[in-house]
Amino acid sequence: MGFMDKILGAGGSSTEDYVELDVGDFETSAGNARKSVHIAEIDGQEDVIAIKDAVYDGDVVIADITRLRTEDKMVDHVIDELRQVAQEVGGDIVQKGDDQLIVTPSGISVSREKLNR
């Protein structure tokens, strides 16, 4: 399983699967980053607000919608609302499988092709 598979959820990973790395061990300027990638879980409509705020602020959000699977109308409503946000900011939105959404701000698009294919 590749790194991106773990980030994007292949194989049923959870937040416990993430390991915090000390950025002091690496040469990076992450503290000066203008954009961030946020990981979110959507349990209900109220969770969409933080995602919208992050995208409006110029950040990327990878959202787990697993808990909404049984409520098809709720999933459709959440996706429609986040699609509207992506459209308003000139960004992008894709659904990966049945359990994840990736929402980006202006200037960032999500390729629909896998790198290894």
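Model, not experiment: these values are computed from the prediction.

K.L.:
Teacher, can you tell me more about the overall build of the protein here?
P.N.:
Looking only at helices and strands, one finds three helices and four strands in the protein. In the protein, the succession of α and β elements from N to C terminus is α-β-α-β-α-β-β. In the protein, which comprises 117 residues, the proportion classed as buried is 32%. A fraction of 50% describes how many contacts in the protein between residues 6 or more apart in sequence connect residues 24 or more apart. Here the protein displays about 8,300 Å² of accessible surface, and carbon together with sulfur accounts for 49% of that area.

K.L.:
Which parts of the structure should I look at to understand the pattern of salt bridges?
P.N.:
Pairing between side chains becomes possible if they bear opposite charge and their charged atoms approach one another. Overall, the coordinates contain five salt bridges when judged by the stated rule. Of the charged contacts in the structure, one is a salt bridge between E81 and K52, with a shortest N-O distance of 3.0 Å. Remark: K52 occurs in helix 2 (residues 47–56) and E81 occurs in helix 3 (residues 72–89); sequence separation between them is 29 residues. Among the residues examined, E81 registers a relative accessible area of 18% and is labelled buried. If you follow the salt bridges from partner to partner, you end up with E41, D43 and R67 in one network.

K.L.:
Looking at this model, I keep getting lost on the side chain of D59. Mind explaining?
P.N.:
Secondary-structure assignment places D59 in the loop between helix 2 and strand 2 (60–64). Despite being buried, D59 has no salt bridge partner; K35 is the closest side chain of opposite charge, sitting 6.8 Å away. With sequence-adjacent residues up to four places away left out, D59 is seen in contact with R34, K35, S36, H38, A54, V103 and P105.

K.L.:
Looking at this structure, how should I read the packing of helix 2 against helix 3?
P.N.:
In a pair of packed helices, the angle between the axes and the distance between the axes together describe the arrangement. The interhelical angle for the contact between helix 2 and helix 3, taken along N-to-C directions, is 15 degrees, at an axis separation of 10 Å. Here helix 3 runs roughly parallel to helix 2, going by the angle between their axes. Handedness of the helix 2/helix 3 crossing: right-handed. Along its contact with helix 2, which presents V48, I51, K52, V55 and Y56, the element helix 3 presents V78, E81, L82, V85, E88 and V89. Partitioning the contact of helix 2 with helix 3 into residue classes produces eight nonpolar, no polar and three charged.

K.L.:
Could you clarify how one ought to interpret the nonpolar core in this entry?
P.N.:
In globular proteins that are soluble, nonpolar side chains generally tend to be buried together. Grouped together as the largest cluster of nonpolar side chains are 20 residues, with contacts concentrated most on I42, I51, V61, A63, V78, L82 and L101. Per-element accounting of this core gives the leading share, seven residues, to helix 3. In this view, L82 contacts I42, V48, I51, K52, I93, L101 and V103; residues no more than four positions away in its chain are not counted. Core analysis: the next-biggest nonpolar cluster, separate from the first, contains five residues, V60, V94, I102 and V110 among them.

Each value, and the rule that gives it
Just so you know, the residues in each chain are numbered from 1, in the order the chain's sequence is written. Given that the model is predicted, a residue must reach a pLDDT of at least 70 before its local features are reported, and side-chain atom pairs must reach 80 or more before they are shown or counted; all residues, however, enter totals for whole chains, interfaces and linings. Based on all heavy atoms of the structure, the side-chain values leave hydrogens and waters out of the count. A run of H or I in DSSP becomes a helix once it reaches four residues, and a run of E becomes a strand once it reaches two; helices and strands are each numbered from the N terminus. For every residue, the accessible area (1.4 Å probe, protein chains only) is compared with the maximum for its type, and the residue is labelled buried under 20%, exposed over 50%, or partly exposed between those bounds. In what follows, residue pairs with any heavy atoms lying within 4.5 Å of each other are defined as contacts. To be clear on the numbers: accessible area is Shrake-Rupley with a 1.4 Å probe, and residue cover counts the displayed protein chains and nothing else. A pair is scored as a salt bridge if a Lys or Arg side-chain nitrogen falls within 4 Å of a carboxyl oxygen belonging to Asp or Glu. Working convention for charge: Lys and Arg count positive, Asp and Glu count negative, and His plus the chain ends are omitted. Angles shown run from 0 to 180 degrees and are taken between the N-to-C directions of axes, each axis being a line fitted to C-alpha atoms and, for helices, limited to the stretch in contact. If an angle is under 35 degrees, it is roughly parallel; if it is over 145, roughly antiparallel; if it lies from 65 to 115, roughly perpendicular; otherwise it is oblique. Note on convention: near helix rotated counterclockwise from far helix by under a right angle means a left-handed crossing. Clockwise means right-handed. Lys, Arg, Asp and Glu make up the charged group, whereas Ala, Val, Leu, Ile, Met, Phe, Trp, Tyr, Cys and Pro make up the nonpolar group; the residues left over, Gly among them, are polar. As used in this record, nonpolar core signifies buried Ala, Val, Leu, Ile, Met, Phe, Trp, Tyr and Cys residues forming a set joined through side-chain atoms within 4.5 Å.

This is a description of form; function is not addressed.
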